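Residues per chain are reported as follows:
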Amino acid sequence: MTAAFDYESLVTRAPDGLRRFEAAIDGMTCAACIGEIEHGLADLPGLAKARVNYTDRRLLLEWRDDAFDLTAAFERLRRMGYTVHPFELAESEREETETARWLLRCLAIAGFASMNIMLLSVGVWVGGGEGGDIEPATRDLFHGVSALIALPAAAFAGQPFFRSAFSALRAGRLNMDVPISLGVLLALCMSVYETLTHAEHAYFDSAAMLLTFLLLGRFLDHAMRRKTRAVAANLAALRAPLACRLAPDGSETLTPLAKIAPGDLVLTRPGERLPVDGVIERGASQLDESLITGETRLRVVTAGDQVYAGSMNHDGALTIRVAAAKGATLLDDIERLLEKATNARSRYVRLADRVSRLYAPMVHLAALSTALFWLWRGASLHDALITAICVLIITCPCALALAVPAVQVVASGALFRAGVLLNSADGIERLAEADVIVFDKTGTLTTPEPRVSNASEIEPATMDIAAQLARASSHPLARAVAQERPTGAALAAREEHGAGVAALVDGLEARLGSPRFCGLEEEAMRRGALDADVSLVAFRHGGKAALFEIRQALRSDAAETVAALKARGYAIEILSGDRVEAVEKIARALDVTHWSGALKPADKVARLDALRAEGRKVLMVGDGLNDAPALAAAYVSISPIDATQITQAAADAVFLGERLAPVAATLDLARKARRVMRENLGLSVLYNVFAVPLAMAGWLTPLIAAAAMSGSSILVTLNALRAGHGASLLPLSPATPEREQTGAVMPARGKMEPAE
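Counting restarts for each chain, with residues numbered from 1 along the sequence as it is written. The model is predicted, so local features are restricted to residues of pLDDT at least 70 and side-chain atom pairs to those at 80 or more, both for listing and for counting; the totals for chains, interfaces and linings are taken over all residues. The basis for the side-chain values is all heavy atoms of the structure; hydrogens and waters are excluded.

A. Broad picture of the sheet that holds strand β24 (residues 594–596). Pairing between two strands requires that DSSP report at least two bridges joining them. By definition, any uninterrupted DSSP run of H or I lasting at least four residues is a helix, any uninterrupted run of E lasting at least two residues is a strand, and each is numbered from the N terminus. An order of β15-β27-β26-β25-β16-β23-β24 is seen for the 7 strands of this open sheet, with the pairing classed as mixed. Since the sheet does not close on itself, it has two edges, and those belong to β15 (420–422) and β24, each with one partner. Neighbouring strand axes in the sheet, compared pairwise and without regard to direction, differ in orientation by 20 degrees on average. Relative to strand β26 (residues 636–640), strand β25 (residues 618–621) runs parallel, the two being bridged by 3 bridges. As a rule, the C-alpha atoms of each element are fitted with a line to give its axis, helices using only the stretch in contact, and angles between N-to-C directions run from 0 to 180 degrees.

Below, the structure written as structure tokens:
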């Protein structure tokens, strides 16, 4: 490892006193590497925690005192065959993109070489069979040209396997790339020897075909593993990088957050995000805290109220006494919860990884045993090696490597047609295993934007003027009014912060805003007492007046979808940061008995942890920033496309459109895809059960072994196409013939009490 970075300068200190260092780690080839790395570092003096995120290829180290030597940890990882360098989000994204392009180039070269070598091989097969009339010189020429194509192509296209195998062997361990590399190299070397000795057979076509199929599986797997890495960047966008600090003499100074300390006074003006957590000293305003708490209504705040970083200040200037600044705010807590949950979920071992753990040692043992057996029986070294090569080729994991990625690609395409974008390589497998579905309320069960629920009762002329006035306002409730008339210009209006907007229309003043601003306070109080879940926007123009009732409506098919999911055997819960009474109303409308409101992000994660402790596998469906830690902590997760980018990054899948039906369609297709994955793995095992004994008995040539290997790959690929058959959003019936039982439904326990 080079000393290109000042590692110590990149060490950070967490609020609990632990020192932390994040590093990108290269050289991991399967999920088993997680345990190897973590256990390999566990005995280092002073180390408190070592965690590997396989998806991000990220290593987190934490320690408390100077007994821990960071350089020693790097050196141990180097001896294990892994390369470490400081983790940078943008650099990681760039490296992932470069890796994908490199694999695609390798695949293209291997495919090109395979096609051309196969053309030459056909001539040898046809002319060299019984009764064939191919001249030995012509056959040698074809073999020589094949060598000129195969050797440089394999040298380049085989790098993903050769490098991985070399790193594993240098560290004294085995992985799946070792037998792959050994089989390819032995086939090439034997083919060169056969060509130089003018033998009848060469196996360049087998080696090239082998690399092509294996690279196809590797590329598909890598493509599925690439997920969005914008979490840190998006969270940073919600933080104000500077705060306006007030000195004792009243002077204002723009100060980096790192230099803001508890007890300082900061000023936040209208239209700015709060940079700190704290208590309001002076001023009053309305805050949009939807990204933090999930609450849809603006919260009216005055002196003495607690406020949180990331909230949007809409109306008045606020002077805030700092309680927590950079690294210790609620927004930072959400980020830490998200990171912790993501690291925990990355320890999930995929189906293909579990199957392939014993593959490498078994393949080597089979090939070595075959060679030794035939040498003991008196066969020549040449014949024994040919038979061993047949075993290595016949057992090369093309079918195994394609078994899961091929299904993932087919299922991803089917999900896309159903309005779902898959965001996680192993998401399909976890979706198929879910047995509890937890919904957020705001923006998930309900529409993301509030709407005017009584629009049909408002006169069209009144609605037209009100919408034009609304376009002149920055208030979120005004946007709901403006959406009722999507076209039309805004009026030249004046806006009074915290009150509303006013303009002259046909010589008379028109007002849109709070009931007090429009003189309709008494009527608004009467309506508000009847329905606590409604926000009222008042309008007055001359003698005409109206009250717009603005609320978040259920998605059009929410009730139908929830009923269908319950009929499929899923337990349903609602966890929301919104007001208790608002959550209760939605839960009753959907006939959901398990619900809770007024939850903070940590409360949602705690509930998911409790369900996991009961042995449940939870699918979380949410859309807000406050849902991001819960989405990452859940066994599997889905978010709507209009969710925050951070939430989408934490979710395993994203569904499009206004309807909720894609959630049910995703679960149905995931179960079907998991069955096809298991069928493919079964076909791969069955193929080896029949083919390996034939190869060990010496009844197959490398050419036949390569053809059999290719045939098994084609078989699992064709079977994978079944995973996407019949994917659709409709009909959303209560049960389908394809469904599997998820076990007993969670017994009703009644309403959960909101967290304090």
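B. A look at the sheet that holds strand β13 (residues 312–313). Here 3 strands make up an open sheet; going across it, the order is β11-β10-β13 and the pairing antiparallel. In the strand order of this sheet, the two ends are held by β11 (299–301) and β13, each with one partner. For strand β10 (residues 285–288) and β11, the ladder comprises 3 bridges, and the chain directions are antiparallel. Each bridged residue has a counterpart across the sheet, and for Q286 the counterpart in β11 is V300.

C. Here's a closer look at the confidence of the model for the protein chain. Each residue carries a pLDDT score, the predictor's own confidence in it, on a scale running from 0 to 100. Per-residue pLDDT for the protein chain averages 76, and the proportion of residues at 70 or more is 75%. Only heavy atoms matter for contacts: two residues are in contact if any of them lie within 4.5 Å across the pair. Scored below 50 in pLDDT, residues 1–6 makes 6 contacts in the model with residues more than four places away or belonging to other chains. pLDDT under 50 marks residues 727–756. Its contacts with residues more than four places away, or in other chains, come to 76 contacts.

D. Local environment of the pairing of strand β20 (residues 508–513). Relative to β20, strand β19 (residues 500–505) runs antiparallel, the two sharing 6 bridges. Looking at the pairing, G500 lines up with G513 of β20. Between the antiparallel neighbours β19 and β20 lie 2 residues, among them D506 with a positive phi of about 55 degrees. Alignment of β20 against strand β21 (residues 535–541), held across 4 bridges, turns out to be antiparallel. Bridge pairing links L512 to F539 in β21.

E. Spatial organisation of a nonpolar patch on the surface. A patch consists of residues whose relative accessible area exceeds 30% and which take part in no salt bridge; residues with like charges are grouped when within 9 Å of each other, and nonpolar side chains (Val, Leu, Ile, Met, Phe, Trp, Tyr) when within 5 Å. Calculation of accessible area relied on Shrake-Rupley with a 1.4 Å probe; when residues are assessed, cover is drawn exclusively from the protein chains displayed. Salt bridges are defined by distance alone: a side-chain nitrogen of Lys or Arg within 4 Å of a carboxyl oxygen of Asp or Glu. Together, L368, L372, L375 and L381 line one region of the surface with nonpolar side chains, adding up to about 390 Å² of accessible area. In terms of residue count, helix α12 (residues 359–376) provides more of the nonpolar patch than any other element does, 3 residues in total. Tracing the chain through its elements places L372 in helix α12.

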